[in-house]
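Commentary on secondary and tertiary structure
If you want the building blocks of each chain, they are given just below.
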Amino acid sequence: MTRPDTADVEAIRDVVARHAHVVDNRAWEETGQAYTADAGLGGESGGLAPVAGLRPSMETGRVFFPHHTTDTVLHRVDDDTVRAWSKYFVVRGDGTAGSGDYQDTVVRTPDGWRIAERRVSRGSRPDTDPDGPSTRQLTFASWRG
Amino acid sequence: MTSSPAAPSTLRTEQHRHPGAFSAFTAFPEAATADVLDVRQVLALFGHAVDNGAWDELRGLLAPDAELHADDDTVTGREAITEWFTVRSDAPSHHTVNTVVRATDDGIVAWSRLVTIAGDGTVASADAIDRFVRTDDGWLIAHRGVHPRHGGEHPGDGVVRAWSA
């Protein structure tokens, strides 16, 4: 079993769940509840953008939908580092849903566990998806690192 | 408000209910915390493995003689179950929520709700009831029963009660 110790699991799940609450509520002053100050966010590959850019990237007038985080699995790297892989789904205004994935590096800080890196995938979606097609690149190998 | 004449009547289809099976399930004692966390991890890995087509990972979650009951099929054996999934290339995304874990005399049973999201954005809900056995490789799925909440005939409490198989 590669998951972290029992005492850490619920704390990490709680932190992973905070992203949806912060983002969906636009509670930007609470970003530090979920992320380290120098955390990086990105797509499935390529560079990472500073977490400070999350707010301007989302307050563009584009419509966003509520996020639901599920299926979090945890891989212990060392005492203070865990790789987390979750699924998420959004529920659109028309009642349809879209699925995706997060892969995170979660680190133990003096304030508790925080996400230091998050990569987001829109999963595998067909050409007819409202936001266009995508193919999931995140894998078991990229999760375990 | 006027309703569209094209609106499917299934919008008002009542869900299946299993009060007797759930009462029997929840009468089992709660499982130890470490076991709960272990089986939750297996259930989540199951969704990731199927959705990623990671078949070796899927095999590693199943007992050699595991049984799957889904889509009116009964599939027996780790390899046969893996094969059953490989031919479903248009499978939806699998999200496991609402997991409740109980300890039985010889293992663990988990009752979850399985939310699947198809490529066209439609959503379906099912019960997933998993019986786990403890092995040298950790908790493995010995039996998985998947029962849609909507549509089809009521599967009946006897089918739903995977732990008594």
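This write-up is about the structure you can find in this document.

What counts and what doesn't
- Residues numbered from 1 in each chain as written.
- Chains lettered and ligands numbered in written order.
- Predicted model: local features only at pLDDT ≥ 70, side-chain atom pairs only at ≥ 80, totals over all residues.
- Pairing = 2+ DSSP bridges.
- Helix = DSSP H or I, 4+ residues; strand = E, 2+ residues; numbered from the N terminus.
- Axes fitted to C-alpha atoms, helices over the stretch in contact; angles between N-to-C directions.
- Contact = placed C-beta atoms within 7 Å.

**A few points about the pairing of strand β1 (residues 62–70) of chain B**
Residue and element names in this part refer to chain B. Pairing of β1 with strand β6 (residues 138–148) involves four bridges; the strand directions are parallel. By the bridge assignment, His69 is partnered in β6 with Gly145. Bridge count for β1 against strand β2 (residues 73–76) is four bridges, and the pairing is antiparallel. Within β2, the position partnered with Leu68 by the bridge is Val75. Two successive antiparallel strands, β1 and β2, enclose a turn made up of two residues, where Asp71 displays a positive phi of approximately 50°.

**Thoughts on the sheet that holds strand β4 (residues 107–117) of chain B**
All names here are of chain B. Spatially, β2-β1-β6-β5-β4-β3 is the arrangement adopted by the six strands of the open sheet, whose pairing is mixed. If you trace the sheet from one side to the other, it starts and ends with β2 and β3 (93–104), each paired once. Averaged over all pairs of adjacent strands, the angle between strand axes in this sheet comes to 15°, irrespective of strand direction. Along the sheet, helix α2 (residues 33–52) contacts β3, β4, β5 (123–135) and β6; its crossing angle with β3, the most-contacted strand, is approximately 155°. Where helix α4 (residues 78–86) meets the sheet, it contacts β1 and β2, and its direction lies at approximately 45° from that of β1.

**Things to note about the sheet that holds strand β6 (residues 112–121) of chain A**
In space, the six strands of this open sheet follow the order β2-β1-β6-β5-β4-β3 (chain A), with mixed pairing throughout. The open sheet has two edge strands with one neighbour each: β2 (49–50) and β3 (67–78) of chain A. Across four bridges, the pairing between strand β1 (residues 35–42) of chain A and β6 of chain A is parallel. Residue pairing for β6 of chain A: Leu41 of chain A is matched across the bridge by Arg118 of chain A. Packing of helix α1 (residues 6–24) of chain A onto the sheet brings it into contact with β3, β4 (81–91), β5 (97–109) and β6 of chain A, and relative to β3 of chain A it is tilted by some 140°. On the sheet, α2 of chain B packs against β3 and β4 of chain A and is oriented at approximately 110° with respect to β3 of chain A.

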